[in-house]
Amino acid sequence: MNLRVYAPVVAVAVIAVGGIAGSAIAQDAGTNNSGSAPAGTQATPTPNVSKLPEVQVIQQHKKAKPKPTKQARRPKKAPATVAAEPTAPPPQPTPAIESSVEGTSHYETAPGPAEVKMSPIDGSEIPIDKVPGGVSTVSSSELARSGTEYVPDALASYVPGVILSDLQGNVFQTNVDYRGFNSSPVDGVPQGLAVYQNGVRINEAFGDTVNYDFLPTVAIESMTIMSGNPVYGLNAIGGALSIDMKNGFTYQGLETDARFGSFGREQGSIQDGMRFGNWATYIALEDIRDNGYRDFGASDIRRMYADLGVRGDDSEFHLNFTGANNSVGVAAASPLQLLDEQGWDKTFSTPQTTTNQVEMVSLNGKVRASDTVDLSGVAYYRHFNQQHVDGNISDATPCPIGSPGSTETGACFDNLDGTSILLHDTNGNLITLPNGISGLGEIDRTSVDSNSFGGSVQAVEKAPLLNHHNQFLVGASIDHGEVSFQSSAELGFFQPRFVVSGGAGFVGPLGTVCTNDADDDGFCIPGAGTALSDIRPVDISTTNTYYGAFFSDTFDATDQLAITVGGRYNIADLTIHDETGLAPDLNGSPTYSRFNPQVGATYQLFDGISLYGGYSEANRAPVAAELACADPNQPCLLPSFLTSDPPLKQVVSHTWEAGFRGEDTNILSHEKISWSLGYFRTENDDDITDVASSIIGRSSFANAGETLRQGLEAQVNYWSGRLFAYASYNFVDATFQSDLTLPSPNNPLNVNGDDDFTISVHPGDRLPGVPAHKFKAGVDYGLTSRWRVGADLIAATNQIYFGDESNQNAPLGGYAKINLHTSYDLTDNIQIYGLLDNLFDEHYGIYGTYFDYMDTNDSGASLGSITFTDPRTIIPAPPITAYGGIKVRFN
């Protein structure tokens, strides 16, 4: 449904919330809003103050008292409690204030000093003020505050260095860009972050992609994104993201949430956590249906997470399951001219859909071996299946067979080696076409089915060293994946709205060679020979086995100085096998290995203010999708593999960081402020880049020499009574550092449409897709004890178009958008809320590249509806959207 029709309905609902809440202002006028309480204690709410959390959080973590019938008392033997760390300094008490970040409408304890895992596995936590690098955390309360249903959206709101990009054109398929490094669900995007869920590496076995749409946001306990820690293994060249899920020990209660809004959004979720003595259960389910803000952009998201936990005096174990079955319309980039002339919701060359399925089972455990030694580990099995359908304009063209006047029409295709062929179908028959058509569409299909399993083990020793506090951890991991991949191309015909319908035949491996240049002559004279087609079907199998051995030690040299040293040795074994038998040279078994060190320190300058600095290295081994698609003369239908290619080098990063972080708490005024300011510099050797091909939908990969990402980050959070506010700024200078010559056939400078057009890249040219400046800010305020309102701002400057690595064309413009949210607690258990995103309906792009507008015009794909003159294509950002919902909670 168009928002301009729907928005008034939601607006009325929001006004109704305000009307109900307005009547409560008088009742609340006499309430003390300062949150006064005795120093160091938790304030007691007045009788008329609701216990219900604010708009997005009807949940209580740890601080809530479960019913006695559901929860047994914890044993009081401190040395035997798994969660206890007797040698670690206890956190300092924080003031009792009303915490908007926790999402409550009564006075609570502000967030205390955070701890950060120094490895993917539980038990490796140290205080954040001892981490010698940049760290950002996002809690479940912050996830719920923004009302987001997709992990990258929450990261983009709260993490200074994160911004979203989008190659697919769907809100459930966006990329995380952290300091110029990507984590993406799209095969072919270089993956620069290592991502873990409960200690399990969830970079998929095929392409190292990350499917964030599998994660129910309601089930997430916390997320931590950090840089400069090689212990997190392969792909941590830009950083690592650790996602911890809820369980029945940390969450008790039953909560339901129903939401409706723009573009046909229907959304429901339920979560339930219970504890029975030493046993606990948790389950969360989410179902989201959305028609999409663009044509053919409908999404159907169904996902769940479940956990069964048991806790003893000296141990804790969790068996959990993640499952999802999602279908999303991914309309990809649209020509900017089409959006301007026919509407912001228009799409180009469809169908484009992706179906994702996952089932993952994991077992986490932690055992206290002694008063100072913890043993922990994780084991998992994961099955992933993806089916992708991608409608395109075909490079195959209708051509008369034998002579210009022939009544028989075939499909001619020019391979990149210059050979002209007549395409055959998968049965070996010549593909014939109706006479009189001017162009062809193509429906490309890819299928990925992977099974992966593995595990990690770790020992943590916290015994004092030389009478100083010390934490030493050592561990090892193995991750094994087996992948089956197929791709195919079906020729078809154009329908209105750039829709491609199939029916002209599936392209087979071989074609009849034309004895003339069919492209120049406009017809094909068949010869006796055959040749492989560049768009032939693919069937390959791959395996990858990643081994890792790691250690880390944090030593308190003095009360102010903490020194951290660590490292990890990575081995990546890969195999590729061509199942068709047509490309035996593709078969291979490359191996990559490297040791990556880390060293850093933190120093407490004053009470609540510390300095950090460090150096680290990390590596990313090329994945099979890149290794088998590294020859520009044999481009791939991403992510397909066509022939044997020259090997790629692994990417190695060198990161320096330095900065300050601080925290100040005023117990008397019930205020708290936390802040950070840091500098980072990451140099990549042999970075891998995607190289465009003149064949539509195909590309290859190449090492791009050295690249640099350096910049500054600043962040501040403030709590005071009913007020919570935050602001952050990030500057990243992401540039090439080597001279390169790259193909760019669709670049606007290629006025003649030459297939072999290239651009020259020089040191200092900006990397595409990375805004240099990002600013974020937000505020929440409790107008009464029951009514809250809030707003968030996200702004970013311009970015370079992909295909313009030489920076010779105008960039894609920047943007700023404002989101609003409000909630009202009808009772202690029922809450209504409203969300409004992109308040001023700003039109902007979040990804830009170029397309071949000349061939598009020649193909007749528009059916006369438009004549293109501009090669720019973008992913348009969502317009103004509004949602309203209701939450019900039972303790």
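Presented here is an overview of the structure given in this document. Every chain's residues receive numbers from 1 upward, in the order its sequence appears when written. Given that the model is predicted, a residue must reach a pLDDT of at least 70 before its local features are reported, and side-chain atom pairs must reach 80 or more before they are shown or counted; all residues, however, enter totals for whole chains, interfaces and linings. Think of the side-chain values as coming from all heavy atoms in the structure, minus any hydrogens and water.

**Notes on the overall build of the chain**
Here is step 1: To qualify as a helix, a DSSP run of H or I must reach at least 4 residues; to qualify as a strand, a run of E must reach at least 2; elements of each kind are numbered from the N terminus. Counting its regular elements, the chain contains seven helices and 48 strands.
Here is step 2: To sort residues, take the accessible area from a 1.4 Å probe on protein chains only and compare it with the maximum for the residue type: under 20% means buried, over 50% means exposed, and anything in between is partly exposed. Per-residue burial for the chain yields a buried fraction of 58% across its 891 residues.
Here is step 3: We call two residues in contact when some of their heavy atoms are within 4.5 Å. Within the chain, counting contacts between residues at least 6 apart in sequence, those at least 24 apart form 70% of the total.
Here is step 4: Accessible areas in this description were obtained via Shrake-Rupley with a 1.4 Å probe; residue shielding takes into account the shown protein chains only. Here the chain has roughly 32000 Å² of accessible surface; of this, 57% comes from carbon and sulfur atoms.

**Things to note about the side chain of Asn326**
Here is step 1: Note that Asn326 resides in strand S17 (residues 315-329).
Here is step 2: A polar contact of 2.8 Å, which involves the side chain of Asn326, links it to the side chain of Asp213. The term polar contact refers here to a pair of N or O atoms within 3.5 Å; inside protein, the definition further demands a hydrogen-donor-capable atom paired with an acceptor-capable atom, and it admits residues adjacent in sequence only when both atoms are side-chain atoms.

**With respect to the sheet that holds strand S46 (residues 845-850)**
Here is step 1: Should DSSP find at least two bridges between two strands, the strands are taken to pair. Read from one edge to the other, the open sheet built from three strands follows the order S18-S47-S46, with strand pairing classed as antiparallel. The sheet is open, and its two borders are formed by strand S18 (334-335) and S46, each paired with just one other strand.
Here is step 2: Direction of pairing for S18 relative to strand S47 (residues 872-876): antiparallel, over a ladder of two bridges. Bridge pairing links Ser334 to Ile874 in S47.

**Re the nonpolar core**
Here is step 1: Remark: nonpolar core denotes a set of buried residues (Ala, Val, Leu, Ile, Met, Phe, Trp, Tyr, Cys) joined through side-chain atoms within 4.5 Å. In this structure, Leu155, Val162, Val195, Tyr212, Met223, Leu241 and Ile243 are the most contacted members of the largest nonpolar core, which totals 43 residues.
Here is step 2: When residues no more than four places from it in sequence are discounted, the contact partners of Tyr212 are Tyr150, Val151, Pro152, Val176, Ser183, Val195, Leu241 and Arg303.

**Structural notes on the state of the cysteines**
Here, disulfide denotes a covalent bond that connects the sulfur atoms of two cysteines.
Here is step 1: Any two cysteine sulfur atoms within 2.5 Å of one another count as a disulfide. Overall, the coordinates contain two disulfides when judged by the stated rule.
Here is step 2: Shown here is the disulfide that connects Cys399 with Cys412, its sulfur atoms set 1.8 Å apart. Around the S-S axis, the bridge from Cys399 to Cys412 shows a dihedral of about 75° and counts as right-handed. Separated by 13 residues along the polypeptide, Cys399 in strand S21 (residues 397-400) and Cys412 in strand S22 (residues 409-414) bring together distant segments of the chain. For the pair formed by Cys399 and Cys412, the shared burial category is buried.
Here is step 3: A sulfur-sulfur separation of 1.9 Å characterises the disulfide bridge that pairs Cys514 with Cys524. Every disulfide takes its handedness from the sign of the S-S torsion; for Cys514 and Cys524 that torsion is -105°, giving left-handed. Of the two residues, Cys514 sits in strand S27 (residues 499-514) while Cys524 sits in the loop between helix H5 (518-521) and strand S28 (526-532), which places them 10 residues apart along the sequence.
Here is step 4: Residue Cys524 is classed as buried on the basis of its relative accessible area, which comes to 0%.

**Details of unusual backbone geometry**
Here is step 1: Going from Thr350 to Pro351, the amide bond is cis rather than trans, its omega being 15°.
Here is step 2: By secondary structure assignment, the location of Pro351 is in the loop between helix H4 (336-342) and strand S19 (352-368).
Here is step 3: Its identity as a non-glycine residue notwithstanding, Asn198 has a phi of 55°, on the positive side.
Here is step 4: If you trace the backbone, Asn198 turns up in the loop between strand S9 (193-197) and strand S10 (200-201).
Here is step 5: Given the relative accessible area of 12%, Asn198 is considered buried.
Here is step 6: Even without being glycine, Ser349 reaches a positive phi, approximately 55°.
Here is step 7: Structurally, the position occupied by Ser349 is in the loop between H4 and S19.

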